[in-house]
Amino acid sequence: MSSLSRELVFLILQFLDEEKFKETVHKLEQESGFFFNMRHFEDQVQAGEWDEVERYLCGFTKVEDNRYSMKIFFEIRKQKYLEALDRQDRAKAVEILVKDLKVFASFNEELFKEITQLLTLDNFRQNEQLSKYGDTKSARNIMLMELKKLIEANPLFRDKLTFPPFKSSRLRTLINQSLNWQHQLCKNPRPNPDIKTLFTDHTCSPANGARPPPPGNSPLVGPVPKAGVFPPLGGHSPFQPVVSPSPGAIAGWMAATNPSLPHPAVAAGPPSLMQPSTAAAFLKHPRAPTGVTGMDYQSADSEHLMKRIRTGQSEEVSFSGVSHTPNAYSQDDLPKTVVRTLSQGSNVMSMDFHPQQQTILLVGTNVGDISLWEVGSRERLAHKPFKVWDISSCTMGLQTALLKDAAISVNRCVWAPDGLLLGVAFSKHIVQIYAYNPTGELRHHLEIDAHIGGVNDIAFAHPNKQLCIVTCGDDKTIKVWDAQAGRRQYTFEGHEAPVYSVCPHYKENIQFIFSTAIDGKIKAWLYDCVGSRVDYDAPGHWCTTMAYSADGTRLFSCGTSKEGDSHLVEWNESEGSIKRNYSGFRKRSLGVVQFDTTRNRFLAAGDEFQIKFWDMDNTNVLTVVEADGGLAASPRLRFNKEGSLLAATLIDNGIKILANNDGLRLIRMLESRIADGSRGPSEPSKPLIVNALGPVSTVSTSVAPTLERDRIPPAVSISNLASMENSRLVDVKPRVSDDVDNKIKVWKMPDIVDQSQLKALRLPDPMTASKIVRLLFTNSGLALLALASNAVHKLWKWQRTDRISGKSSAYVVPQLWQPPSGTLMTNDVSDTNPSEEATACIALSKNDSYVMSASGGKVSLFNMMTFKVMTTFTSPPPAATFLAFHPQDNNIIAIGMEDSTIQIYNVRVDEVKTILKGHQKRITGLAFSQSLNTLVSSGADAQLCAWSIDGWEKKKARFIQAPHGRSSPLIGDTKVQFHNDQIHLLVVHESQISVYDSNLECLRSWYPKDSLPAPITSAIYSCDGLLVYAGFSDGAVAVFDADSLRLRCRIAPSAYIPSSSTSVYPLVIAAHPSEPNQIAVGMSDGVVHVVEPSDAEPKWGGPPPAQENGSLPSNSSNHQPSDLPAR
């Protein structure tokens, strides 16, 4: 729809509102999708007209459009569900659950289960997070405030929340003006014309007499009414209004599946996402030049005539301009200050910042090598020269090409969206995919002989919710590969020249790929075999790349012609036209100009040894930066995800990093860590999950408290930098100086002996003291669950307030929580096996809703909100001694038994599927590795067994090694835990702490000695996998480096036990799920302590100085080489 057609809709909306056609007004708003009437939406929500609310919303967005839309629909349906429960209409609640809420189960199954569980409660307010739910009216008002924030933040509502400002009764005025103009053109105009219809042009019947002047102030269609009740809403968006793609644009394009349909040939044409009904109809409407508005209703000449002959008309004739609010961004948001210069050593061909670790830069060069840089510390974390991993599996074409000319270049390197994989496209045939460990380690994942000739581009996509690799090459094809196995899934043919770039994207839940070739053709493909859906010419008709803005709503391309003319343009997807053509390029660029986008607001391109910036809504150059000189003629550019850093290539094979104020702050923060000589723990490669449906940065954290689950430590970013503790920074490896030997001699392991050296909190507990035998944090980190030897569970919760996050802390005293009924969560016990003597076991579901536990009797499944027993199973004998949920199915449980067997039990059907036999004594540990598809068990016989998850057959068994001077084989409880990498295994016995690999080979061990001579009672990895915490039977707690098992510090009992007693010691240690420096300690006297470092020393001790190889010589009795990643 053209711009003037769109404005006509607004005029009609105003007219209908002034005429009081209320229902028609809102129907047109919904069907056109041009104006979202927030007042109408509020009225419908407050009235509880849920069907109308969703029907109106669907004119503007669908559930699956983006995370904001998903959250909007979820909040509405959740409120409808809660209201049904509140009025005890269970049948309606079930209907809403099945019809409306189940759609969200595919995004978060655990959340759907938790919502379903509300049906089992007499009053859903028994759920702690819904305990403050008031009456229906107040709940709707609270929800409405959050919905308004979500709508305002949703890019699909941009420019649709403000009604354009123009005078009242504008349509009547235009009709009056038109009739006046028609009357002036009458051959025999009458002084008092009789207007009977608007369906035909006005003419006066012949009459005698001279031609009178036109009427002045008396309108021909009756009086103009006063302003109606359709007022413009307050200004909202900082963006200029644009012609938004119609809701059905993509669907229309996707429906044009006939490959024989002729494509319109339009010079410099755009990639339209909506085909016209026929090519002929499309060509009947030639496009106006870029930047010139077409005149649909009257020609420029007639407009000029109307202005010239009008006498005394009180109303403006031309369309009133739309006033825009000033931009919410300034040039200060652009990274323009040089903060780092990196020397790569060879010509940089491609760069990409890690999507979560904002200071990790991936670089590919013209000699085929790739590097990972930590730009904060200027350290190269990894360097991989080109090498074919398996030449025997390569085609003869590649082998021949490498024999003729071994030179090879990186054409493109890019991160996967989750940052766990990276892909490299080379100038000859192949792509290589590496698996990335957040510590900087790269491992071979896939090598694909992808194309004949060069592979010109590579990208990651998610068709059918499966991660795939998209490549293009000199063989004129685009190919899609499975990212896990490397199998080819699709091949797209249709280009007549080598394909230069690909741009995967999705809209309205439809996945597609744009591709560009070196003949300037742009094509678009669905994930099928029908052929291209779009065939247009790119400006410049040569090398072009395409990219969407970060929010996915705006499409840009940048290219250079063979003559050196560069073109940076924005496409109008809905209308099939170039919306903007940005100016400011050198007339003859010295290379193919590269570009990037950031903050949904700015564009940057490298040209004339400079970096040029544009505001997306202004075609003129915003500013130019030379970066202190030295830039390449057409420098390659890459923003980090937040736009706080910008990497640009140099003439001398280097890279400059530019920063804005946020970037400077981030760099300084990292510098301060290095200056302190500390190594911050690596961040997981997943970002912080604010709620179960994904983060919404502009929405208050109070939205949907029921969704806050399974928190993960956030990656370093500007948005969370201000509140980060020292433990929350990206891994920074300190440089190793030449005097390592001297440092080793003078370094001394810290010994914490005083309460002032840490922060310890004894948790309140009025119950009868029984020793704590099991202890774990909830996955959310908001509570701590203990199981005592008397079979009673204790749950401490940290309260959330405006000033307190609710996360566990040694600085805030939690509440020993019980449901309103006062029920205790108590395990079944056996008369023949008293709980004090039984081996207790416990496991928690991923969403913290259920806990499975046993204390010598039956295994009980408890509801964590009500403490009620949901079911019991596996009556003794034998008794259960260890429990573990299957990583892919919460209904499958591995149960270690007192008789040395392991039962694989299906809770849903109440059936033991299989029994594993291999140990000689009771099972004391179970650990699943999803990546290895393995279950590892350990027993009181000090034996480790590995079992395949697929068929449950035994793969390997091994007894742990006895320390020097101790008889073999060992006996005693042995615990196991997989590292975050799901490959390395922590094995704990009273005689040792060891790390094993996936083949159950011992890599290194630590044995009690020196200041820690007592037997080990418990040990566990920190949440980031960088530390190991261990408790000892003399009351001490030790902190080790996880990679080398080097002792970082020793915590004496006097530091955390107020009245130290030699008879009190830690039986079990729990590590916080997102705070790597926080632990909880369960004691032999029934007390639980939460322990953290002091404010003065926010980390535990410090690592011993590293040698050139990154670690000290082992002080353990095992000197086997390690393949653990350096951290």
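Look up: the structure comes first, before these words.
About the criteria used
Residues numbered from 1 in each chain as written. Predicted model: local features only at pLDDT ≥ 70, side-chain atom pairs only at ≥ 80, totals over all residues. Heavy atoms only, no water. Helix = DSSP H or I, 4+ residues; strand = E, 2+ residues; numbered from the N terminus. Buried < 20%, exposed > 50% of the residue type's maximum accessible area, 1.4 Å probe, protein only. Contact = heavy atoms within 4.5 Å. Pairing = 2+ DSSP bridges. Axes fitted to C-alpha atoms, helices over the stretch in contact; angles between N-to-C directions. Core = buried A, V, L, I, M, F, W, Y, C linked by side-chain atoms within 4.5 Å. Phe/Tyr/Trp six-rings, centres within 6.5 Å; stacked < 30°, edge-to-face > 60°. Lys NZ or Arg CZ within 6 Å of the ring centre and 35° of its normal. Arc of directions from axis to C-beta. Salt bridge = Lys/Arg side-chain N within 4 Å of Asp/Glu carboxyl O. Parallel < 35°, antiparallel > 145°, perpendicular 65-115°, else oblique. Left-handed = near helix turned anticlockwise from the far one by under 90°. Nonpolar A, V, L, I, M, F, W, Y, C, P; charged D, E, K, R; others polar.

K.L.:
Talk me through the overall build of the protein chain; I want residue IDs and the actual numbers.
P.N.:
A count of helices and strands for the protein chain gives 17 helices and 57 strands. By the burial criterion, 55% of the 1127 residues in the protein chain qualify as buried. When contacts within the protein chain are restricted to residue pairs at least 6 apart in sequence, long-range pairs at least 24 apart make up 57% of them.

K.L.:
Give me the sheet that holds strand β40 (residues 892–897): which residues, what numbers.
P.N.:
Within a sheet, each strand pairs with its neighbour through backbone hydrogen bonds, oriented either parallel or antiparallel. If you trace the four strands from one edge of the open sheet to the other, you get β39-β40-β41-β42, paired in antiparallel fashion. The open sheet has two edge strands with one neighbour each: β39 (880–885) and β42 (911–917). Mean inter-strand twist for the sheet, computed between neighbouring axes without regard to direction, equals 25°. The pairing of β39 with β40 spans five bridges and is antiparallel. Across the sheet, A880 pairs through a bridge with M897, a residue of β40.

K.L.:
Summarise the sheet that holds strand β15 (residues 510–517); cite the residues concerned and give the values.
P.N.:
With respect to topology, four strands assemble into an open sheet ordered β14-β15-β16-β17, the strand pairing being antiparallel. Both edges of this open sheet fall to β14 (499–507) and β17 (534–537), since each of them pairs with a single strand only. Strand-to-strand twist of the sheet, defined as the mean angle between neighbouring strand axes without regard to direction, takes the value 20°.

K.L.:
Which residues make up the nonpolar core, and what values go with them?
P.N.:
Membership of the largest hydrophobic core comes to 42 residues, with the highest contact counts inside it found for F36, F41, L57, Y81 and L101. Ranked by residues supplied to this core, first place goes to helix α5 (residues 67–86) with 10 residues. Excluding anything up to four places from it in sequence, L57 contacts F36, F41, I72, F73, I76 and F157.

K.L.:
An account of the packing of aromatic side chains is requested, with residue identities and associated values reported.
P.N.:
What the rule picks out here adds up to 27 aromatic pairs. Following the ring pairs from residue to residue traces out a cluster consisting of F10, F34, F35, F163 and F166. If you follow R6 out to its NZ or CZ, it ends over the ring of F34, 4.9 Å from the centre. Above the face of the W817 ring, K797 is positioned so that its terminal group lies 3.9 Å from the ring centre.

K.L.:
Outline helix α13 (residues 396–404), supporting the account with residue identities and numerical values.
P.N.:
Listing the buried residues of α13 in full gives L398, A401 and L402. Looking straight down α13, one finds that the buried residues subtend no more than 95° of arc, so they occupy a single side. Those residues of α13 that are exposed and aimed more than 90 degrees away from the buried face are M396, L403 and K404. On its buried face, α13 is in contact with β8 (430–436) and β9 (442–449).

K.L.:
Give a detailed account of the pairing of strand β16 (residues 521–526), specifying residues and quantitative values.
P.N.:
Two faces, one strand: in a regular strand the side chains alternate between the faces of the sheet. Extensive coverage of β16 is indicated by the burial of five of its six residues. Note: β15 against β16, five bridges, orientation antiparallel. Counted as the bridge partner of F512 is L526 from β16. Counted between consecutive antiparallel strands, the loop separating β15 from β16 contains three residues, among which G520 sits at a positive phi close to 85°. Inspection of the sheet shows β16 paired to β17 by four bridges, in the antiparallel sense. Residue K523 lies in a different strand from β17, and its bridge partner there is D535.

K.L.:
For the environment of G564, give the residues involved together with the corresponding values.
P.N.:
By secondary structure assignment, the location of G564 is in the loop between β19 (555–560) and β20 (566–572). Owing to a relative accessible area of 5%, G564 belongs among the buried residues under this scheme. Sequence separation of G564 and W542 is 22 residues, and the distance between their C-alpha atoms is 9.9 Å.

K.L.:
Go over the pattern of salt bridges, please, and point to the residues and values.
P.N.:
In this structure the tally under the stated criterion is 36 salt bridges. Ionic pairing is found between R77 and E54, a salt bridge with its closest N-O pair at 2.8 Å. Note that R77 is positioned in helix α5 and E54 in helix α4 (residues 50–57), a separation of 23 residues in sequence. This pair shows no difference in class: R77 is buried, exactly as E54 is. A salt bridge links R922 to D973, with the shortest nitrogen-to-oxygen separation between them at 2.6 Å. Taken together, the residues R922 in the loop between β42 and β43 (923–929) and D973 in the loop between β46 (954–959) and β47 (974–978) connect sequence positions 51 residues apart. Overlapping salt bridges, with partners in common, bring together R554, E570, R580, R601, D615 and D617 in one network.

K.L.:
So what's going on with the side chain of Q79? Which residues, and what values?
P.N.:
Note on placement: Q79 falls in helix α5. The buried category is assigned to Q79, whose relative accessible area is 4%. Those residues within four positions of Q79 in sequence are excluded, and the remaining contacts are W50, Y133, T136, A139, R140 and M143.

K.L.:
Tell me what's going on with the pairing of strand β53 (residues 1037–1041), and back it up with residues and numbers.
P.N.:
Burial analysis of β53 places five of its five residues in the buried class, the great majority of the element. Covered by surrounding structure in β53 are V1037, V1039 and D1041 together with A1038 and F1040, the residues of both alternating faces. Note: strand β52 (residues 1027–1032) against β53, five bridges, orientation antiparallel. Across the sheet, Y1029 pairs through a bridge with V1039, a residue of β53. The hairpin formed by β52 and β53 contains four residues between the paired strands, and G1035 there has a positive phi angle of roughly 95°. Relative to strand β54 (residues 1047–1051), β53 is paired through four bridges, and the arrangement is antiparallel. Of the residues in β54, the one forming a bridge with F1040 is L1047.

K.L.:
For the packing of helix α3 (residues 38–46) against α4, give the residues involved together with the corresponding values.
P.N.:
At their nearest, the axes of α3 and α4 sit 8 Å apart, and the two run at 150° to each other. Judged by the angle between their axes, α3 and α4 are roughly antiparallel. Both α3 and α4 take part in a crossing whose hand is left-handed. Contacts between α3 and α4 involve H40, F41, Q44 and V45 on the former and, on the latter, W50, E52, V53, Y56 and L57. Of the residues contributing to the contact of α3 with α4, the split by class is six nonpolar, two polar and one charged.

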